[in-house]
Amino acid sequence: MKDYYIKDLTDRIGEEVEMLGWAYRKRRHGKLVFIVIRDSTGIIQASVKRENVDEESFEEAKTCDIEASVYVKGELKEDSRAPGGLELSCKEFKIVSPSPDFPIQEDTGPEVLLDIRHMTLRSIDSRMAMRAKMGVIQGARDFFEKKGFTEVYAPIFVGVAGEGGGTLFSLDYFGRKAYLSQTAQLHLEAAIFQFENVYSLTPSFRAEKSRTRRHLTEFYHLEAEMAWCEEDENERIEEELVTHICNFVGERYAEELRHFGQDPKYYLDMEPKFERITYDEAISILQSKGVGIEFGSDFGFEEEKVLTEDFEHPFFVKNFPKGIKSFYMKQKGDRAVCADLEAPGGYGEIIGGSQREDDLNLLVERLLREGEKLENYEWYLDLRRYGSVPHSGFGLGIERLLRWILKLEHIRDCCLFPRTPARIYP
Ligand code: 4AD
Ligand code: MG
């Protein structure tokens, strides 16, 4: 590993330094070659002047390709004209390994960029987005640790649908049918009888037919489940979590936010009190904006885009009709005891949460009505047979939250290797 990185160079102005990295950009003016070098922490301009280096170094600099790995040695100077304000005046320049015909050009189209994602992930946008993603996850873990939650690890191979058969990926499990998990929820519900308040971060899988800017087939799902917890407290935890993550990213990932044109202040100033509207109010807002939606329909990508466009902060939509929500949610009259958290500005749902049905008979009735085989859910029903408690929980899509925080065009830009219906390569 390297002893120091480009970000550490600001302390070493005037010294002779060495650096390893990749050629990011190159310009030549006769006997002077400028090469911008990139590493995991930033960029620095190296100037290779014929009179300061031996012939071999100058030849290597002249022929160096974009994305070749390189070694440089030289004196570090301040230079306001250079990107980042520093310039390395080279005494030695070596190509570690060449990169002939690097496949990305200025005019490379978006589909090709995705075909060669293993190369495009070298971009600065990609570094900034992936580091902010790490910040979101660090902020979440920090929150749950402070709240005294236990982190648990749920299985990916599962035997039943958590979120309905429509988006299940099935597979052959030694002759039996199994699925890739859509949610850790059912297993977290079992875990609360031991740990009371738990969370998990697990990839979730959805065979989504919807090809939108916010749907992935594989996403990082942050889920929490709390014993002795009803809907109000569930929402409170959700707004505190999202606020904590935003504050955390605003404080520690300001450079990443600014890179995407976002003001860290918005995130630093966020307060854990989000507006709540009802499903009925949401329908009225949509109808008043000319969206042809009837009471009883669920919101898709287009509806949420319109619904959220005029809000400035995240907000909850509550009291959805029970018919459009999952079997495991507690019900009050014709409504499910649930809330979705919506990101403003057209971004839409980032959290789905609810109080869970803790009554055995009601749960059995609903599973039968939905045509499910009870034998598949016996273990889950046991949770209501042995010491059932009121409990609630929620799931937050990490890439959905990140997309909103950074205001990225497409959710695939929130993934190192995005998985969408059309894409499983590279
Ligand atoms: O609303 P969902 O389907 O809720 C559940 O899965 C619950 N069982 C969670 C729980 O209570 N433990 O999904 C939760 C969140 C959504 O709000 C969204 O942020 C994200 O997961 N999500 C997706 N993100 C990207 N691509 C997809 N196809 C997603 N589907 C859901
Ligand atoms: Mg949902």
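Residues numbered from 1 in each chain as written. Chains lettered and ligands numbered in written order. Predicted model: local features only at pLDDT ≥ 70, side-chain atom pairs only at ≥ 80, totals over all residues. Heavy atoms only, no water.

Remarks on the layout of surface pockets
Looking at the largest pocket, its volume works out to about 1100 Å³. What lines the largest pocket is a set of 46 residues, and nearest its centre among them are Glu163, Arg206, Glu208, Lys325 and Glu349. Ranked by residue count, the leading element in the lining of the largest pocket is strand 17 (residues 348-355), at six residues. Its residues assigned to classes, the lining of the largest pocket comprises 16 nonpolar, 15 polar and 15 charged. Taken as a whole, the second largest pocket encloses approximately 900 Å³ of empty space. In terms of lining, the second largest pocket is formed by 26 residues, of which the most central are Ile104, Leu113, Thr120, Ser123 and Asp125. Counting residues per element, the ones that place at least two in the lining of the second largest pocket are strand 1 (16-29), helix 2 (110-115), helix 3 (117-120) and helix 4 (124-146). Residues of the lining of the second largest pocket, tallied by class, amount to 12 nonpolar, six polar and eight charged. (1 Å grid on protein atoms, 1.4 Å probe; cavity = no way out; pocket = protein on both sides within 12 Å on 5 of 7 lines; lining within 4 Å. Points joined across faces, edges and corners; volume = space filled by probe spheres on them. Helix = DSSP H or I, 4+ residues; strand = E, 2+ residues; numbered from the N terminus. Nonpolar A, V, L, I, M, F, W, Y, C, P; charged D, E, K, R; others polar.)

A look at the packing of aromatic side chains
Counted by the stated rule, this structure contains 18 aromatic pairs. Ring geometry for Phe143 and Phe144: centres 5.3 Å apart, planes at 75 degrees, overall edge-to-face. Each member of the pair, Phe143 together with Phe144, is buried. Where Tyr279 meets Phe295, the ring centres are 5.4 Å apart and the plane angle is 80 degrees; that geometry is what we call edge-to-face. Note that Tyr279 is positioned in helix 9 (residues 279-288) and Phe295 in the loop between helix 9 and helix 10 (301-308), a separation of 16 residues in sequence. What makes Tyr279 buried here is its relative accessible area of 0%. For Phe295, a relative accessible area of 46% corresponds to the partly exposed category. (Phe/Tyr/Trp six-rings, centres within 6.5 Å; stacked < 30°, edge-to-face > 60°. Buried < 20%, exposed > 50% of the residue type's maximum accessible area, 1.4 Å probe, protein only.)

A look at the sheet that holds strand 8 (residues 170-173)
Strand order in this open sheet of three strands is 7-9-8, and the pairing throughout is antiparallel. Taken across any chain shown, the strands that pair with only one partner, and hence form the sheet edges, are strand 7 (157-158) and strand 8. Where strand 8 meets strand 9 (residues 176-180), four bridges bridge the pair, whose relative direction is antiparallel. When the bridges of strand 9 are listed, Tyr173 appears paired with Arg176. (Pairing = 2+ DSSP bridges.)

Re the packing of helix 11 (residues 360-369) against helix 12 (residues 378-385)
It is the contact of helix 11 with helix 12, at a shortest axis distance of 9 Å, that shows an interaxial angle of 155 degrees. Overall, the two elements helix 11 and helix 12 adopt an arrangement that is roughly antiparallel. Between helix 11 and helix 12, the residues in contact are Leu360, Leu363, Val364 and Leu367 and Tyr380, Leu381, Arg384 and Arg385, respectively. (Axes fitted to C-alpha atoms, helices over the stretch in contact; angles between N-to-C directions. Parallel < 35°, antiparallel > 145°, perpendicular 65-115°, else oblique. Contact = heavy atoms within 4.5 Å.)

Here we look at the confidence of the model for the protein
Across the protein, the average pLDDT comes to 97, with 100% of residues at or above 70. Least confident of the elements in the protein is helix 2, whose mean pLDDT is 94; most confident is strand 18 (residues 391-397), at 99. (pLDDT = per-residue confidence, 0-100.)

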